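What follows is each chain in one-letter form.
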2 protein chains.
Amino acid sequence: MRAKDGAKRAPTESDVAKLAGVSQSAVSRAFTPGASVAESTRDKILKAARELGYHPNMMARTLATNRSNIVALAISYLENPFYAQVVRELSEKLRETGRHILLFATSPDGKADPALEDVLSYKVDALILTATTASHELAVQCQATGVPIVQINRESKLPGISTVRGPNELASSEIAEFLFAGQHKRYAFIGGTVESGTSKVRENAFVGRLRELGVEDVLVAHGDYTFEGAATVTRRLLTLDQPPDAIFCASDYMAFATLDVAKREFNLKVPDDLSVIGFDNVPAASRFAWDLTTYSQPAGALVDAAIDIIDSMIARPGRRAQRREVSGELILRGSAKRPKNRS
Amino acid sequence: MRAKDGAKRAPTESDVAKLAGVSQSAVSRAFTPGASVAESTRDKILKAARELGYHPNMMARTLATNRSNIVALAISYLENPFYAQVVRELSEKLRETGRHILLFATSPDGKADPALEDVLSYKVDALILTATTASHELAVQCQATGVPIVQINRESKLPGISTVRGPNELASSEIAEFLFAGQHKRYAFIGGTVESGTSKVRENAFVGRLRELGVEDVLVAHGDYTFEGAATVTRRLLTLDQPPDAIFCASDYMAFATLDVAKREFNLKVPDDLSVIGFDNVPAASRFAWDLTTYSQPAGALVDAAIDIIDSMIARPGRRAQRREVSGELILRGSAKRPKNRS
DNA sequence: TCGATTATTGCATACGTATGCAAAAAGTCC
DNA sequence: GGACTTTTTGCATACGTATGCAATAATCGA
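Residues numbered from 1 in each chain as written. Chains lettered and ligands numbered in written order. Predicted model: local features only at pLDDT ≥ 70, side-chain atom pairs only at ≥ 80, totals over all residues. Heavy atoms only, no water.

Things to note about the overall build of chain A
Then, number 1: Along its length, chain A carries 12 helices and 12 strands.
Then, number 2: The C-alpha atoms of chain A give 25 Å as radius of gyration, which overshoots the globular expectation for 343 residues (20 Å, by more than 25%).
Then, number 3: Its C-alpha atoms put chain A at 85 × 40 × 40 Å along the principal axes.
Then, number 4: Scored against the burial criterion, the 343 residues of chain A give a buried share of 55%.
Then, number 5: Pairs at least 24 apart in sequence give 68% of the contacts found in chain A among residues at least 6 apart.
Then, number 6: Here chain A has roughly 14400 Å² of accessible surface; of this, 50% comes from carbon and sulfur atoms.
Then, number 7: Treating the 43 positive side-chain charges of chain A as one cloud and the 41 negative ones as another, the clouds have centres 6 Å apart. (Helix = DSSP H or I, 4+ residues; strand = E, 2+ residues; numbered from the N terminus. Rg over C-alpha atoms; globule rule 2.2 N^0.38 Å. Buried < 20%, exposed > 50% of the residue type's maximum accessible area, 1.4 Å probe, protein only. Contact = heavy atoms within 4.5 Å. Areas by Shrake-Rupley, 256 points an atom, 1.4 Å probe, with all protein chains shown as cover. Lys, Arg positive; Asp, Glu negative; His and termini not counted. Charge placed at Lys NZ, Arg CZ, Asp CG, Glu CD.)

Overview of the nonpolar core
Then, number 1: Among the nonpolar cores identified, the biggest contains 158 residues, and Phe206(A) and Phe206(B) are the most heavily contacted of them.
Then, number 2: If near-sequence neighbours (up to four positions away) are discounted, Phe206(B) is found in contact with Ser172(B), Ile175(B), Ala176(B), Leu179(B), Ala188(B), Phe189(B), Val218(B) and Phe248(B).
Then, number 3: Of all hydrophobic cores here, the second largest spans 38 residues; its members include Ile149(A), Ala139(B), Cys142(B) and Val147(B). (Core = buried A, V, L, I, M, F, W, Y, C linked by side-chain atoms within 4.5 Å.)

As for the relation of the copies chain B and chain A
Then, number 1: Laying chain B over chain A is done by rotating through 180° and shifting 0.0 Å along the axis; what remains is an RMSD of 0.1 Å. In short, the pair behaves as if placed about a two-fold rotation axis.
Then, number 2: Same-surface contact between copies: 100% of interface residues of chain B are shared with the interface of chain A. (Least-squares fit on C-alpha atoms with pLDDT ≥ 70 in both.)

Focus on helix α8 (residues 168-181) of chain B
Helical geometry: 3.6 residues make up each α-helical turn, so side chains three or four residues apart lie on a common side.
Residue and element names in this part refer to chain B.
Then, number 1: Relative to the 20 Å expected for 14 residues at 1.5 Å per residue, α8 spans 20 Å between its end C-alpha atoms, a close match to the ideal helical length.
Then, number 2: Residues of α8 that are buried: Asn-168, Ala-171, Ser-172, Ser-173, Ile-175, Ala-176, Phe-178 and Leu-179.
Then, number 3: Positive backbone phi, approximately 65°, marks Gln-183, located one or two places after α8. (Expected span 1.5 Å × (residues − 1).)

Things to note about the packing of aromatic side chains
Then, number 1: Summed over the entire model, instances satisfying the criterion amount to 21 aromatic pairs over all chains.
Then, number 2: Seen in terms of ring centroids, Phe256(B) and Trp290(B) are 4.5 Å apart; in terms of plane orientation they differ by 20°. Their pairing is stacked. A residue pair is termed long-range when its members are at least 10 positions apart, and Phe256(B) in helix α11 (residues 252-265) and Trp290(B) in the loop between β9 (275-277) and β10 (294-295) qualify at 34 residues. The same class applies to Phe256(B) and to Trp290(B), which are both buried.
Then, number 3: Here the aromatic residues Phe189(A), Phe206(A), Phe248(A), Phe279(A) and Tyr295(A) are joined through ring pairs into a cluster of three or more.
Then, number 4: The lysine or arginine in question, Arg202(A), covers the ring of Phe279(A), its NZ or CZ lying 3.7 Å from the ring centre.
Then, number 5: Stacked on the ring of Phe227(B), the Lys or Arg Arg287(A) has its end atom at 3.4 Å from the ring centre. (Phe/Tyr/Trp six-rings, centres within 6.5 Å; stacked < 30°, edge-to-face > 60°. Lys NZ or Arg CZ within 6 Å of the ring centre and 35° of its normal.)

Remarks on the pairing of strand β1 (residues 70-75) of chain B
Residues and elements named next belong to chain B.
Then, number 1: Of all 6 residues in β1, 6 are buried; the element is thus mostly enclosed.
Then, number 2: Residues Ile-70, Ala-72 and Ala-74 point to one face of β1 and Val-71, Leu-73 and Ile-75 to the other, with burial holding for every one of them.
Then, number 3: Taken together, the 6 bridges between β1 and strand β2 (residues 100-105) define a ladder with parallel strand orientation. By the bridge assignment for β2, Ile-70 is matched with His-100. (Pairing = 2+ DSSP bridges.)

As for the side chain of Thr62(B)
Then, number 1: Here Thr62(B) is to be found in helix α4 (residues 58-65).
Then, number 2: Within the local environment of Thr62(B), its side chain forms a polar contact with the backbone oxygen of Arg67(B), the two atoms lying 3.4 Å apart.
Then, number 3: When neighbours within four sequence positions are excluded, Thr62(B) is seen to be in contact with Met59(A), Arg67(B), Ser68(B) and Lys123(B). (Polar contact = N/O pair within 3.5 Å; in protein donor to acceptor, adjacent residues only side chain to side chain.)

Describing the pairing of strand β8 (residues 246-249) of chain A
Two faces make up the sheet, and in a regular strand the side chains alternate between them.
All names here are of chain A.
Then, number 1: A two-sided burial pattern is seen for β8, the buried positions comprising Ala-246 and Phe-248 on one face and Ile-247 and Cys-249 on the other.
Then, number 2: For strand β6 (residues 187-191) and β8, the ladder comprises 4 bridges, and the chain directions are parallel. What sits directly across from Ile-190, in β8, is Cys-249.
Then, number 3: Traced from β8 through helix α11 (residues 252-265) to strand β9 (residues 275-277), the parallel crossover comes out right-handed. (Right-handed = clockwise from strand over helix to strand, strands pointing away.)

Here we look at the sheet that holds strand β6 (residues 187-191) of chain B
Residue and element names in this part refer to chain B.
Then, number 1: Reading across from one edge, β7-β6-β8-β9 is the order of the 4 strands in this open sheet, with parallel pairing throughout. Both edges of this open sheet fall to β7 (219-222) and β9, since each of them pairs with a single strand only. Across the sheet, the axes of successive neighbouring strands diverge by a mean angle of 20°, strand direction being ignored.
Then, number 2: Bridge count for β6 against β7 is 4 bridges, and the pairing is parallel. Its bridge partner being in β7, Gly-191 is matched across the sheet by His-222.
Then, number 3: Against the sheet, helix α9 (residues 197-212) touches β6, β7 and β8 (246-249), its axis set at about 170° to β6. (Axes fitted to C-alpha atoms, helices over the stretch in contact; angles between N-to-C directions.)

With respect to the pattern of salt bridges
It is possible for side chains of opposite charge to pair when their charged atoms get near one another.
Then, number 1: This structure, assessed with the given rule, holds 34 salt bridges over all chains.
Then, number 2: Its salt-bridge partner being Glu216(A), residue Arg211(A) comes within 3.8 Å of it at the nearest N-O pair.
Then, number 3: Classification of Arg211(A) as partly exposed rests on a relative accessible area of 44%.
Then, number 4: Arg324(A) is paired through a salt bridge with Asp308(A); the nearest N and O atoms lie 2.8 Å apart. Pair noted here: Arg324(A) is in strand β11 (residues 323-325) and Asp308(A) is in helix α12 (residues 299-315), with a separation of 16 residues, a long-range link.
Then, number 5: When its relative accessible area of 41% is taken as the criterion, Asp308(A) is described as partly exposed.
Then, number 6: Each member of the salt-bridge network shares a partner with another, and the members are Glu79(A), Arg88(B) and Glu92(B). (Salt bridge = Lys/Arg side-chain N within 4 Å of Asp/Glu carboxyl O.)

Side note on helix α10 (residues 227-238) of chain B
Residue and element names in this part refer to chain B.
Then, number 1: Taking 1.5 Å per residue, 12 residues should reach 16 Å; α10 reaches 16 Å between its end C-alpha atoms and fits that length.
Then, number 2: The set of residues buried in α10 consists of Phe-227, Gly-229, Ala-230, Ala-231, Val-233, Thr-234, Leu-237 and Leu-238.
Then, number 3: Buried residues belonging to α10 abut β6, β7, β8 and α11.
Then, number 4: Residue Thr-226 occupies the N-cap position of α10, its side-chain oxygen lying 2.9 Å from the main-chain nitrogen of Gly-229.

Focus: the interface of chain B and chain A
Then, number 1: Each side of the interface is counted separately: chain B has 56 residues, and chain A has 57 residues.
Then, number 2: Buried surface at the junction of chain B and chain A, summed over both partners, amounts to about 5100 Å²; 59% is from carbon and sulfur atoms.
Then, number 3: Where chain B meets chain A, there are 4 salt bridges.
Then, number 4: Note that Asp291(A) and Arg264(B) form a salt bridge whose closest N and O atoms lie 3.9 Å from each other.
Then, number 5: Broken down by secondary-structure element, the contributors of at least two residues to the side of chain B that touches chain A are α4, α5 (81-95), β2, α6 (113-121), α7 (136-144) and α11 of chain B. (Buried area = accessible area lost by both parts, 1.4 Å probe.)

Remarks on the environment of Tyr225(A)
All names here are of chain A.
Then, number 1: Note that Tyr-225 resides in the loop between β7 (219-222) and α10 (227-238).
Then, number 2: Here Tyr-225 falls in the buried class, since its relative accessible area comes to 15%.
Then, number 3: Sequence separation between Tyr-225 and Thr-193 is 32 residues, and the spatial gap between their C-alpha atoms is 6.5 Å.
Then, number 4: In contact with Tyr-225, other than residues within four places in its own chain, are Tyr-77, Gly-192, Thr-193, Ser-196, Thr-198, Ser-199, Ala-250, Tyr-253 and Met-254.
Then, number 5: Engagement of the side chain of Tyr-225 in a polar contact is seen with the side chain of Ser-196, the distance being 2.9 Å.

Spatial relationships are all this shows, so hold off on functional conclusions.
Below, the structure written as structure tokens:
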């Protein structure tokens, strides 16, 4: 347990205290905002600390205060640029309050649960689940320990878990109307995974609205939120006897795959032969190569809401779960036919 | 410091010990691989632990052992899919050995240093720097504390810091040869930031090889590793009196911007009017929309090497810095003219 | 200048786990 | 069965910081 090898032990509060000629508690207080320390001694302490290159030991601090300033983030689809954006936003905004992200990135296929149990070991201040395959049981388990949990873009039947989501129903039904107004003949929906609640919600709203408009059978397929998965189901859809000429994909990322397959492998003209609409409005969607019509879902707003919920749950632990929805809008670009009577 | 509010205190080893009728040390040993515990008592303890829902407290464990099982990762360009891939790979591979990532994602413009000082507070087992604007001074400072540091894809004059890199020189000179063989008239290089060592190395190798081949003046611009930055300099290059007809971008991500601007804003035919070559071979490069000729730099191999170095530095703290290079290859696609005499 | 109030400081202990050491228990060998 | 080796266990303490409490120093009011 003694200092090892060459690496000299990092200086502690006691070291600083000795140098500054005060007690260890005084040093602790000097680094605790709002603690009772004389200005003069604080200066003395800070000077000594600087001299020694002292940095507080967060692990020890966490042990004593039970607050780690760490937020765990579970995420499966990092290759989807939308979630890369979410991570980025989250990281920057948490840093503003001195917090950091403990990342649990998992491949879409692997189950995330085992690793997530570790979360509890790190005494994280909160847990954010997004685009993850983690089970609901796990969420319940974490919640039982009192750790605030927020799901971003995840539907859940669990009443106790806070959720931040995009405008799933509104967007999907607007997209249904837009495509319908574009006089398409056959509609398809490419969802994420079969288990995904968010995907199901979008599917229901899309199919439901079309049905209201008189369209009875809408093709439904699942691209598992991956590029390859979406490419595969697109191939299948486009080789049907009656292939769709309007496809709504549950994410931009999958829509890119659909566009790619349609253009490259089926030589389809977009949007003349096929209209494709995505969801998220990731930066790449606006690029010429894709020029994807989509529905925006601002990552920044989702993240703001999530952090807000976390903060309120930390402030008032008893607080019941909250659900928030951020709004977006249909972004018109070139991948979907525009109705004649609309601009 | 007592248990707060409603949230019941998490069970500790002492709680488990009491229930199992053993000492706290016994419980600790039951959870320490290789420790001396009788099979029977271990079973008894694990049973009690399960019953209580006990999870070891990593913060306390870290305090006692000085190993956190946390690896800090500083990264600025998360929106670049190549680095998203790096993060993903890193996360999965570290998890195999029970480690996790503490993420420091920073926007390319903001300086990362202040946040990075926090790294030291968390007693991370290692620090990985990649695609970050963190200063060299900072790296030195971290290194002084004895934390193993590995840079991925970052050139550094500092002798003490380990580095894992792609085949910068070889790739750049091969690309120079390939473009030269394609009978281009005017060559340009779009690098990352001016400060980036990696970018400079690629520039030198590219420009140097071309010079050897008799091409004297090569245009050099900087896209700052961002999409918008690359788009801007591409615009500038293409409006020159003698615009380039061959551009080598220091990353696929920037190459996408170049392609976008060239096709959309300048109506250029690729590769007839303009050849574009990237670097990284991210998944999107192979997609029809881009079809980018590029040089592969396998994220998985970079990550493997980085972890390997970290492990060896942890095992032998005195070990001197290592430098590794992973290899890649030129990936021929449609964005660059192919020489007549080559397949 | 003195008593009362307030601000500052140090002492002692807690947070949860790991581990050296010695005691106890269990095997081993003849 | 006894002496000896090996395994298992508990005790005590360490890791670095935070904080309640009491002691001390500083400040204030008249």
